[in-house]
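Fold and contact review
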Amino acid sequence: MSGTEEKFSLREVLVSFKSCLVDDDQDVLVEHYLKGWKGLVRFMNSLGTVFSFVSKDAVSKIQIMENYLSGEQGERYRTLQSMVEYELSSNLVDLNKRDNHPESGCRTILRLHRALRWLQLFLEKLRTSTEDSKTSNLCAEAYNDSLANYHPWIIRKTANLAFMVLPARNTFFEVMNVGTTEEVVDMLGEAMPYVSNVYDFTQELYSQHNLLDLP
Ligand SMILES: CCCCCCCC/C=C\CCCCCCCC(=O)N[C@@H](COP(=O)(O)O)[C@H](O)/C=C/CCCCCCCCCCCCC
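These lines cover the structure that appears in this document, whether it is placed above or below. Just so we're clear, the structure is a prediction, and the values are computed from it rather than from any experiment.

Topic: the overall build of the protein chain
A tally of regular secondary structure across the protein chain gives nine helices and two strands. When the helices and strands of the protein chain are listed from N to C terminus, the series reads α-β-β-α-α-α-α-α-α-α-α. Taken over C-alpha atoms, the radius of gyration comes to 17 Å for the protein chain, in line with the 17 Å a tight globule of 215 residues would show. Taking the principal axes of its C-alpha atoms as reference, the protein chain extends roughly 50 × 40 × 35 Å. Residue burial in the protein chain is summarised as follows: out of 215 residues, 46% are buried. Long-range pairs, those at least 24 residues apart, make up 67% of the contacts in the protein chain with a sequence separation of at least 6. As presented, the protein chain carries roughly 11,300 Å² of accessible surface, and 48% of it is formed by carbon and sulfur atoms.

Shown next, in the form of structure tokens:
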């Protein structure tokens, strides 16, 4: 990582996912949701260029959402609930095939939401891992049980190859900039419920509106 880039901090990511839940966990602030993802992308960038195909995709999806947020209809994109209501009522979502609205907020968030399930599984595996656990195995298991179900063979293959160069658990924990292994494990335990609440809320919202299979 270059000296000018901000260092990853797991604490910051935790704060973002914590602060994106509002109205008694009944809504999610898009700005803070994206901030959480930006922090995670910073972490991934610090792991080297082998993950750049992943971070490029995440960055482009974050950018799509930031453009909506800073656009004329920005207020409609303030929360996930308001975004879904606005885009559906204005016919701005391609429901069956990509057509006039290939980059709707709803489909873009769905891609990140599916990745959040991977993150949830991966963080839990890291939290309960032992000293001899291999991060590459933990990451691959989490991926194959979640996001891989939505990816074509070539992406699954490339992702599984990239996982093989993930650093060892100790190094991985160091890059998180939290402190000792015990402190990392504690912080992961603290972070999990927030990530899960964000995931569960989004899943329920998308399920209610039949948005879980957007093309
Ligand atoms: C506490 C720190 C530990 C964990 C840190 C994790 C950092 C992860 C940061 C970002 C995660 C990646 C987010 C990827 C979003 C992927 C969205 C997606 O599924 N996109 C595909 C579909 O999009 P459309 O074509 O329909 O627009 C797209 O085709 C994907 C392309 C890229 C490949 C995605 C592979 C995903 C692997 C996820 C594991 C990342 C490994 C990071 C290792 C720490």
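A few points about the packing of aromatic side chains
In the structure shown here, the tally under the stated rule is seven aromatic pairs. Aromatic side chains Tyr 77 and Tyr 86 sit 5.8 Å apart centroid to centroid with 80° between the ring planes, which places their arrangement in the edge-to-face category. Across the pair, exposure class does not vary: Tyr 77 and Tyr 86 are buried alike. Seen from their ring centres, Phe 122 and Phe 172 are 5.8 Å apart, and the 85° between their planes marks the pair as edge-to-face. Taken as a pair, Phe 122 in helix H5 (residues 105-127) and Phe 172 in helix H8 (residues 169-175) lie far apart in primary sequence, 50 residues in all. Both residues of the pair, Phe 122 and Phe 172, count as buried. Among the aromatic side chains, those forming a connected cluster through ring pairs are Phe 43, Trp 118, Phe 122 and Phe 172. Just above the ring of Tyr 150 sits the side chain of Arg 114; from NZ or CZ to the centre is 3.9 Å. Sitting over the face of the ring of Tyr 199, Arg 117 holds its NZ or CZ atom 5.8 Å from the ring centroid.

Let's talk about the packing of helix H6 (residues 135-144) against helix H7 (residues 153-163)
Two numbers describe how H6 lies on H7: the axes approach to 9 Å, and their chain directions differ by 160°. By the criterion of interaxial angle, the relationship of H6 to H7 is roughly antiparallel. In the crossing of H6 with H7, the sense of the turn from one axis to the other is right-handed. Each of Ser 136, Cys 139, Ala 140, Tyr 143 and Asn 144 in H6 lies in contact with H7, whose residues at this interface are Ile 155, Arg 156, Ala 159, Asn 160 and Phe 163. Taken together, the residues of the contact of H6 with H7 sort by class into six nonpolar, three polar and one charged.

Considering the site of the ligand
Taken together, 26 residues are adjacent to the ligand, and Asp 57, Lys 61, Arg 107, Arg 111 and His 151 come closest. Here Asp 57 contributes a side-chain N or O atom positioned 2.8 Å from a nitrogen atom of the ligand. Protein chains bury 91% of the 970 Å² of accessible surface belonging to the ligand in isolation. When residues of the shell around the ligand are traced back to their parent elements, those giving at least two are helix H2 (30-45), helix H3 (52-70), H5 and H7. Grouping the constituent residues of the shell around the ligand by class yields 21 nonpolar, one polar and four charged.

Thoughts on the environment of Pro 102
The topology assignment puts Pro 102 in the loop between helix H4 (80-89) and H5. It is 9.3 Å that separates the C-alpha atoms of Pro 102 and Leu 92, two residues lying ten residues apart in sequence. Ignoring any residue separated from it by four or fewer positions in sequence, one finds Pro 102 in contact with Asp 94 and Arg 107.

Describing the environment of Val 178
Within the fold, Val 178 resides in the loop between H8 and helix H9 (181-208). Exposure remark for Val 178: the relative accessible area of 14% places this residue in the buried category. Put simply, Val 178 and Leu 116 are 62 residues apart on the chain and 21 Å apart in space, counted from C-alpha to C-alpha. Leaving out residues up to four positions away in the same chain, Val 178 has contacts with Leu 10, Arg 11, Glu 183, Val 184 and Met 187.

What counts and what doesn't
- Residues numbered from 1 in each chain as written.
- Predicted model: local features only at pLDDT ≥ 70, side-chain atom pairs only at ≥ 80, totals over all residues.
- Heavy atoms only, no water.
- Helix = DSSP H or I, 4+ residues; strand = E, 2+ residues; numbered from the N terminus.
- Rg over C-alpha atoms; globule rule 2.2 N^0.38 Å.
- Buried < 20%, exposed > 50% of the residue type's maximum accessible area, 1.4 Å probe, protein only.
- Contact = heavy atoms within 4.5 Å.
- Areas by Shrake-Rupley, 256 points an atom, 1.4 Å probe, with all protein chains shown as cover.
- Phe/Tyr/Trp six-rings, centres within 6.5 Å; stacked < 30°, edge-to-face > 60°.
- Lys NZ or Arg CZ within 6 Å of the ring centre and 35° of its normal.
- Axes fitted to C-alpha atoms, helices over the stretch in contact; angles between N-to-C directions.
- Parallel < 35°, antiparallel > 145°, perpendicular 65-115°, else oblique.
- Left-handed = near helix turned anticlockwise from the far one by under 90°.
- Nonpolar A, V, L, I, M, F, W, Y, C, P; charged D, E, K, R; others polar.
- Near = heavy atom within 4 Å.
- Polar contact = N/O pair within 3.5 Å; in protein donor to acceptor, adjacent residues only side chain to side chain.

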